[in-house]
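# Chains, contacts and geometry: an overview
Chain by chain, the residues run as shown.
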Amino acid sequence: GATESIGKAVDYKITGIDPGAGIMEATDRALEDYNLEKWDVVTGSGAAMTAALKKAYDKEEPIIVTGWSPHWKFAKYDLKYLEDPEGSYGGAEEIHTIGRLGLEEDLPEAYQVLKNFHWTEEDMAEIMVEIIDGEDPKVAAQNWIDANEDKVAEWTDGVEKVDGDTIKFVYVAWDSTVASTNMMALVLEDLGYKVEMSQVEAGPMYTAVADGSADVLLAGWLPITHATYMEKFEDKLDDIGVSMEDVKIGLVVPTYMEIDSIEDLKE
Ligand SMILES: C[SH](C)CC(=O)O
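In short, a report on the structure. Please read these numbers as outputs of a predicted model, since none were measured by experiment. All residue numbers refer to position in the chain's written sequence, counted from 1. For this predicted model, a pLDDT threshold of at least 70 governs which residues receive local features, and a threshold of 80 or more governs which side-chain atom pairs are given and counted, while totals over whole chains, interfaces and linings are taken from all residues. Hydrogen atoms and water are omitted, and side-chain values are computed over all heavy atoms in the structure.

### So, the overall build of the protein
A count of helices and strands for the protein gives 12 helices and 9 strands. Throughout, radius of gyration means the C-alpha value; the globule benchmark is 2.2 Å times the number of residues raised to the power 0.38. Compactness check: the protein gives a C-alpha radius of gyration of 19 Å against a globular reference of 18 Å for 267 residues, within 12% of the reference. For the exposure calls, accessible area comes from a 1.4 Å probe over protein chains only, and a residue counts as buried if that area is under 20% of its type's maximum, exposed if over 50%, partly exposed in between. Here the protein holds 267 residues, and the buried ones make up 51% of them. Contacts in the protein between residues at least 24 apart in sequence constitute 82% of all its contacts with a sequence separation of at least 6. Counting rule applied: Lys, Arg positive; Asp, Glu negative; His and chain ends not counted. All charge positions are set by atom: Lys at NZ, Arg at CZ, Asp at CG, Glu at CD. Taken as two groups, the 21 positive and 57 negative side-chain charges of the protein have centres that lie 6 Å from each other. Helix and strand definitions follow DSSP, with helices as H or I runs of at least four residues and strands as E runs of at least two, each counted in order from the N terminus. Residue contacts are counted whenever heavy atoms from the two residues lie within 4.5 Å of one another.

So, in structure tokens, the structure goes:
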């Protein structure tokens, strides 16, 4: 008989992540854009999404997740993005470093390093894969720093050491952001900073930098993913620089599934 509809196979559910993530807003937009009235996106967390993905993948069962690159899941599983002809998820995104107003005056040395911060998907993946294989995030980050002293030197060359100034990072427990925040925390500790890191949800992450209770976030996914946060806080944030280009968000499925486009979800 006809293959069971994909909707029935996954009970018309997309496995999402934390509700404040921009990819969740983009998925709501996609359900509208593609007239997928029967579907909804289930909120959870990055960790819950990857656990559900592993469970389905190991049994070759159908699953659709909100996915992004860079992410270790592409190293562990054969996955593909569903084509997005309506552009609900945007195109190539960038990861921006977003600071509080006044950071450049208050912590000029850290500001210089954060402005210079730039690395690739491969760099970040090295840390993410070690973490998902069980390594402590700080140890995985230090291993990367030890193996990439030349790249780190590009960020810190010519920057004076400091004597114990405190700098506060806020971050969401997205695997990509855990990697970048742990790495940059160690780089600034080497420069003499006392580094504080607070794990929060996406909304509070932007609110903390905008109201100055935190100094910096490394997970500014733009121009589409975090557009709502930037519009809400624009004149209260300093877009310090781009740390990575050509990142991406979308709907991701195992390659054993026949569907290729978000349009295929519409029976
Ligand atoms: C989960 S992606 C790193 C960012 C986002 O969707 O907000």
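Back to the text.
### Quick look at the nonpolar core
As used here, the term nonpolar core means buried Ala, Val, Leu, Ile, Met, Phe, Trp, Tyr and Cys residues forming a set that is joined through side-chain atoms within 4.5 Å. If you look at the biggest cluster of nonpolar residues, it comprises 96 residues, and the most contacted ones within it are Ile64, Met183 and Met184. Reported domain spans reflect what an automatic or database domain assignment gives. Counting the residues that make up this core, at least three belong to each of domain 1 (2-91 + 249-265) and domain 2 (94-246).

### Looking at helix H2 (residues 22-33)
A helix is expected to span 1.5 Å for every residue after the first. Its 12 residues give H2 an end-to-end C-alpha distance of 16 Å, which sits within 8% of 16 Å, the value for a rise of 1.5 Å per residue. Regarding H2, the residues found buried are Gly22, Ile23, Met24, Ala26, Thr27, Ala30 and Leu31. For H2, the elements touching its buried residues are strand E1 (13-15), strand E2 (40-42), strand E3 (65-69) and strand E9 (237-254). Phi turns positive, to about 55 degrees, at Asn35, one or two residues after H2.

### A look at the pattern of salt bridges
Salt bridges are defined by distance alone: a side-chain nitrogen of Lys or Arg within 4 Å of a carboxyl oxygen of Asp or Glu. A complete count under the given rule lists 9 salt bridges for this structure. Among the ionic pairs, Lys54 bridges to Asp58, the shortest N-O distance being 2.6 Å. One end of the pair is Lys54 and the other is Asp58, both in helix H3 (residues 46-58) and 4 residues apart, which spans about a single turn. Judged by its relative accessible area of 42%, Lys54 is partly exposed. The closest approach of N and O atoms between Asp106 and Arg100, which form a salt bridge, is 2.9 Å. Assessed through its relative accessible area of 45%, Asp106 is described here as partly exposed. Overlapping salt bridges bring together Arg100, Asp106 and Asp215 as one network.

### With respect to the site of the ligand
Think of it this way: one heavy atom of a residue within 4 Å of a molecule or strand is enough to make that residue near it. The ligand sits among Ile17, Ala21, Gly22, Ile23, Trp68, Trp174, Ser176, Trp221, Thr225 and His226. In the environment of the ligand, an oxygen atom lies 2.9 Å from a nitrogen or oxygen atom belonging to the backbone of Ile23. At 2.6 Å from an oxygen atom of the ligand is found a side-chain nitrogen or oxygen belonging to His226. Each accessible area is a Shrake-Rupley estimate made with a 1.4 Å probe; only the visible protein chains count as cover when residues are assessed. In the complex, the protein chains occlude 100% of the 260 Å² of accessible area that the ligand would expose alone. Note on residue classes: Ala, Val, Leu, Ile, Met, Phe, Trp, Tyr, Cys and Pro are nonpolar, Asp, Glu, Lys and Arg are charged, and everything else, Gly too, is polar. Class assignment for the residues of the shell around the ligand results in 6 nonpolar, 4 polar and no charged. Structurally, the shell around the ligand is a two-domain feature, drawing no fewer than three residues from each of domain 1 (2-91 + 249-265) and domain 2 (94-246). Here a polar contact means two N or O atoms within 3.5 Å. Within protein one must be a hydrogen donor candidate and the other an acceptor candidate, and residues neighboring in sequence count only if both atoms are side-chain atoms.

### As for the environment of Thr97
Residue placement: Thr97 occurs in strand E5 (residues 93-100). Given the relative accessible area of 0%, Thr97 is considered buried. For the pair Thr97 and Trp221, spaced 124 residues apart in sequence, the C-alpha to C-alpha distance is 9.1 Å. In this structure, Thr97 is in contact with Leu114, Phe117, Val216, Leu217, Leu218, Asp238, Asp239, Ile240, Gly241 and Ser243, ignoring residues within four places of it in sequence.

### Brief notes about helix H6 (residues 108-116)
Taken together, the buried positions of H6 are occupied by Ala110, Tyr111, Val113 and Leu114. The arc that holds the buried residues of H6, viewed along the axis, is 165 degrees, so those residues lie on one side. Starting at the helix axis, one direction is taken to each C-beta atom, and the arc is that of these directions.

### A look at the packing of aromatic side chains
Working definition: a ring pair exists when centres of Phe, Tyr or Trp rings (six-membered ring for Trp) sit within 6.5 Å. Plane angles under 30 degrees give stacked, over 60 give edge-to-face, the rest tilted. Overall, the coordinates contain 10 aromatic pairs when judged by the stated rule. Geometrically, the ring pair formed by Phe74 and Tyr81 is stacked, given 5.4 Å between the ring centres and 25 degrees between the ring planes. The interplanar angle of 10 degrees and the centroid separation of 4.8 Å between the aromatic rings of Tyr206 and Tyr229 together place this pair among those described as stacked. Linking Tyr206 in helix H11 (residues 202-210) with Tyr229 in helix H12 (residues 227-233), this pair joins segments that are 23 residues apart in sequence. Among the residues examined, Tyr229 registers a relative accessible area of 15% and is labelled buried. One aromatic cluster is present, formed by Tyr57, Trp72, Tyr77 and Tyr256 through successive ring pairs. Directly above the aromatic system of Trp68 lies the positively charged group of Lys73, at a separation of 4.7 Å from the ring centroid. For a ring to carry a charge above it, either NZ of a lysine or CZ of an arginine must fall within 6 Å of the ring centroid while also lying within 35 degrees of the normal to the ring plane.

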